[in-house]
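Each chain, letter by letter, is given below.
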Amino acid sequence: MANKIEIVLSFQVFASPAELPADEQHLLSQAQKATQLAYAPYSGFSVGAALLTVDGNIYLGNNQENAAYPSGLCAERTALFSLRANYPDKQIVKMAITARRTNNPDFIAALPCGACRQVMAEYENNQEAPIAVLMQAENNQVYRCDTVSALLPLQFSKHHLGL
Ligand code: THU
């Protein structure tokens, strides 16, 4: 008979950003700021991502859309690829993701898509240190997950390519 394995996702739920520690409040506010420069004329959904590196710097990204829809890119990957392109060795400690409708100042849920989780996971694996993920959730709540790998169970990685 087959074994049944259950994977439990555990994450913290904060009632509002004010409940986060100061550095995480700041990181989230920087992600919120990054939504202002999103280029999202087609979806009207502005996403911001902020990366905190081990040296205390913060790097921002936002979604960049295109008339040829699949050519656009999510905020998370824009931020990660930009950081990796400029500072390939910088360790990421935390990442914040937030979103709002482009014409509305209120922040809404911003859960990273599957493709972004895949990219986040590879960088986390490469640096051999966890990346904590802060996600804007409904009703001003914030979700916090200690690692990316928790957000992507049974992940495909370079090990499956024999690397
Ligand atoms: N988007 C992100 O930036 N991050 C995600 O994780 C989900 C989706 C963007 C892509 C597109 O510009 C818009 O949100 C609507 O899907």
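Refer to the structure presented above.
Since the model is a prediction, treat every value here as computed from it, not as a measurement.

Analysis parameters
Along each chain, numbering runs from 1 in the same order as the chain's sequence is written. Only residues with pLDDT of at least 70 are given local features in this predicted model, and only at 80 or more are side-chain atom pairs given and counted; all residues enter the totals for whole chains, interfaces and linings. Just so you know, side-chain values use all the structure's heavy atoms and leave hydrogens and water out. We call a residue near a molecule or strand whenever a single non-hydrogen atom of that residue lies within 4 Å of it. Between N or O atoms, a polar contact is any pair within 3.5 Å; within protein, one atom must be a potential hydrogen donor and the other a potential acceptor, and residues adjacent in sequence are included only when both atoms are from side chains. Working definition of accessibility: Shrake-Rupley area with a 1.4 Å probe, residue cover restricted to the visible protein chains. Every helix listed is a DSSP run of H or I at least four residues long, and every strand listed is a run of E at least two residues long, numbered separately from the N terminus. For patches, a residue must show more than 30% relative accessible area and have no salt bridge; joins then use 9 Å for like charges and 5 Å for nonpolar side chains, namely Val, Leu, Ile, Met, Phe, Trp and Tyr. We define a salt bridge as a contact between a side-chain nitrogen of Lys or Arg and a carboxyl oxygen of Asp or Glu at a distance within 4 Å. Only protein chains enter the accessibility calculation, which uses a 1.4 Å probe; a residue whose area is less than 20% of its type maximum is buried, one above 50% is exposed, and one in between is partly exposed. Two strands qualify as a pair provided that DSSP identifies no fewer than 2 bridges between them. Every crossover in which the path from the first strand over the helix to the second runs clockwise, viewed with the strands pointing away from the viewer, is termed right-handed.

Chemist: Just give me the short version of the site of the ligand, but keep the residues and values in it.
Modeler: The environment of the ligand is made up of S43, F45, V47, N63, E65, C74, A75, E76, L111, P112 and C113. Between the ligand and N63 there is a distance of 2.9 Å, counted from an oxygen atom to a side-chain nitrogen or oxygen. In this structure, an oxygen atom belonging to the ligand sits 2.8 Å away from a main-chain N or O atom of A75. For the ligand, whose free accessible area comes to 380 Å², the fraction covered by protein is 74%. Of all the elements in the fold, those that place two or more residues in the shell around the ligand are β2 (45-53) and α2 (75-86).

Chemist: Lay out a nonpolar patch on the surface in plain terms, naming residues and giving numbers.
Modeler: A grouping of I5, I7 and L154 is seen on the molecular surface, where their side chains present a nonpolar patch of about 410 Å² in accessible area. Along the polypeptide, I7 turns up in the segment before β1 (12-14). Classification of I7 by relative accessible area gives exposed; the value is 55%.

Chemist: Quick rundown of the pairing of strand β4 (residues 92-101)? Include the residues and the values.
Modeler: In regular strands, side chains alternate between the two faces of the sheet. For β4, the buried fraction is high: eight of the ten residues fall into the buried class. The pairing of β2 with β4 spans nine bridges and is classified as antiparallel. If you follow S46 over to β4, its bridge partner there is R100. Pairing of β4 with strand β5 (residues 132-136) involves four bridges; the strand directions are parallel. Among the inter-strand pairings, I97 is bridged to a residue of β5, identified as M135. Of the crossover connections in this fold, the one passing from β4 over helix α3 (residues 114-127) to the parallel β5 is right-handed.

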